[in-house]
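Here's the letter readout for the chains.
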Amino acid sequence: MRRSRDVPGLVTLAREGDPRAVARLITLVESGDELLPRVAAALAPYTGRAQVIGLTGSPGVGKSTTSNELVRALRCRGHRVGVLAVDPSSPFTGGAILGDRVRMQDHATDPGVYIRSMSSRGHLGGLAAATPQAVRVLEGAGCDVVLVETVGVGQAEVEVASLADTTVVLLAPGMGDAIQAVKAGILEIADVFVVNKADRDGADATVRDINGMIALGERGPGEWRPRVVRAVAARGEGIDDLVTAVEKHHGWLVDNGELRRRREARAAAEVEAIALGTLRDRMGSLRAGTSLAALAARVADGSVDPYAAAGELLDQLDRVTGAARRP
C-alpha cells in the first residue's frame, strides 16, 4: 500500500474508509508525484461536499487542543472528520517534528477520524503548498468536515481564509492591547473568534477589545457579524458554543450564496497555483541553461534593465512552449 500506484484502486479503498489508502494519496499529493493529475481527476466527482473549517492563531494559543475537542464534538454529532495539521519546517534542516497530532491521540483509534500532520516545507502563509489538494483527498474519502489547523502564525499569515468555508481565529488573554486588536491582518479574516484560556486574567478585556474591533467594521444589511466565543479547550469548555457558531456561519453562507462564491474563489486559487507551478518548472529548464545567466549578467552590468530582461525570458519561454506543443 505504501508504494501502490494504482490510483483507481487507492481512491476506491479511500472511499471505503481505508486509512492507508488515504495516507498514500496524500503522500502522492505532498511529493508532487507525476500521478497527481490522475489522482485529482479520480477524486473530482467526490469533492466539494465537505465543510472546511480553518483554525489559526499565534503559537501556544491552543489550536491543537481546540482542534482535538472540536473533533470530539463533531463526532458526537455523527460527522466523519478529517484533520490536516500543518507544522512549521526548520529553516536550517527542512525537518519538522509533526507534533500537533500528539495532542489528538484521543481519536487515534476512531475509524471516523483521519488525522494527518503536514510540514509547511518553507511555504509561507500558514499552510503547506499541498494543503488544498490534501483537502480534496479527505473530501473524496468521505469526510463530512475537514479541519485545517495552520502553523503558529503572526499578523500577516492569512492564506487559510482562502481555503476554508469558515475561518476560526484563536486568541488568548494577555497577547495584546486594544491597539493590537484593531490592526489589519489576521484578525480581519475571522468568521468566528475564540478567546481560549478564558479562565485566565484579562479574558474579559480581550473579549471587550475584539467586540470593539468588530463594531468598527462596516457591514451591509444581512452581512455576517463575527461571533466571539469564550473557551477553555483543555477542559472542553466552550466547545459546544464554538460548534454552534460555526454551524450558524455555515447556514448563513448557504442562505446568502456566499458558500458557492467562496468555493469558486478557492478553485480559482488552486487552478492559478497549479498553472504558476507548471510555469516555474518551465522557467527552471531555462535557468538550467545559459539564457538566464546571460540576462542576469547584462542586468548586473547595466546594459539592460530587469523588466526588459524578464520580457526576453518570457519570449524565450513562449518559443520553448510553442515548440513543445507542435507535433
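These lines cover the structure that appears in this document, whether it is placed above or below.

Calculation rules
Residues numbered from 1 in each chain as written. Predicted model: local features only at pLDDT ≥ 70, side-chain atom pairs only at ≥ 80, totals over all residues. Heavy atoms only, no water. Helix = DSSP H or I, 4+ residues; strand = E, 2+ residues; numbered from the N terminus. Buried < 20%, exposed > 50% of the residue type's maximum accessible area, 1.4 Å probe, protein only. Contact = heavy atoms within 4.5 Å. Areas by Shrake-Rupley, 256 points an atom, 1.4 Å probe, with all protein chains shown as cover. Pairing = 2+ DSSP bridges. Axes fitted to C-alpha atoms, helices over the stretch in contact; angles between N-to-C directions. 1 Å grid on protein atoms, 1.4 Å probe; cavity = no way out; pocket = protein on both sides within 12 Å on 5 of 7 lines; lining within 4 Å. Points joined across faces, edges and corners; volume = space filled by probe spheres on them. Nonpolar A, V, L, I, M, F, W, Y, C, P; charged D, E, K, R; others polar. Core = buried A, V, L, I, M, F, W, Y, C linked by side-chain atoms within 4.5 Å.

**Here we look at the overall build of the protein chain**
For step 1, the next point in the chain: Along its length, the protein chain carries twelve helices and seven strands.
For step 2, the next point in the chain: Relative to its full complement of 327 residues, the protein chain shows a buried share of 44%.
For step 3, the next point in the chain: The long-range fraction of contacts in the protein chain, counting pairs at least 24 apart against all pairs at least 6 apart in sequence, stands at 73%.
For step 4, the next point in the chain: Total accessible area on the protein chain is roughly 16,800 Å²; 54% of this is exposed by carbon and sulfur atoms.

**Considering the sheet that holds strand E7 (residues 227–230)**
For step 1, the next point in the chain: What the seven strands build is an open sheet, ordered E3-E2-E4-E1-E5-E6-E7; its pairing is parallel. If you trace the sheet from one side to the other, it starts and ends with strand E3 (113–119) and E7, each paired once. For this sheet, the mean angle separating the axes of adjacent strands, direction not counted, is 20 degrees.
For step 2, the next point in the chain: Strand direction decides the pairing type here: strand E2 (residues 81–87) and E3, joined by seven bridges, are parallel. Residue pairing for E3: Val83 is matched across the bridge by Ile115.
For step 3, the next point in the chain: Contacting E2 and E3, helix H2 (residues 19–30) runs over the sheet at an angle of about 25 degrees to E3.
For step 4, the next point in the chain: Across the face of the sheet, helix H4 (residues 63–76) comes into contact with strand E1 (51–57), E2, E3, strand E4 (145–149) and strand E5 (166–171) while running at roughly 175 degrees to E4.

**Side note on helix H5 (residues 131–140)**
In an α-helix, one turn spans 3.6 residues; hence positions three or four apart end up facing the same way.
For step 1, the next point in the chain: The buried fraction of H5 is high, at nine of ten residues.
For step 2, the next point in the chain: In the stretch just after H5, Gly142 is the one whose phi turns positive, near 95 degrees.

**Brief notes about empty space enclosed by the protein**
For step 1, the next point in the chain: Tallying each qualifying case throughout the model produces one cavity of 30 Å³ or more.
For step 2, the next point in the chain: Val29, Leu36, Val39, Ala40, Leu43, Gln133, Arg136 and Val137 are the residues that line the largest cavity.
For step 3, the next point in the chain: The leading source of residues in the lining of the largest cavity is helix H3 (residues 36–43), at four residues.
For step 4, the next point in the chain: Tallied by class, residues from the lining of the largest cavity come to six nonpolar, one polar and one charged.

**Side note on the nonpolar core**
For step 1, the next point in the chain: One finds Val22, Leu25, Ile26, Leu138, Val169, Leu187 and Phe193 to be the most contacted residues of the largest nonpolar core, which totals 45 residues.
For step 2, the next point in the chain: Ranked by residues supplied to this core, first place goes to H2 with six residues.
For step 3, the next point in the chain: Residues Val145, Val229, Leu242 and Val243 belong to the second largest nonpolar core, which totals 25 residues.

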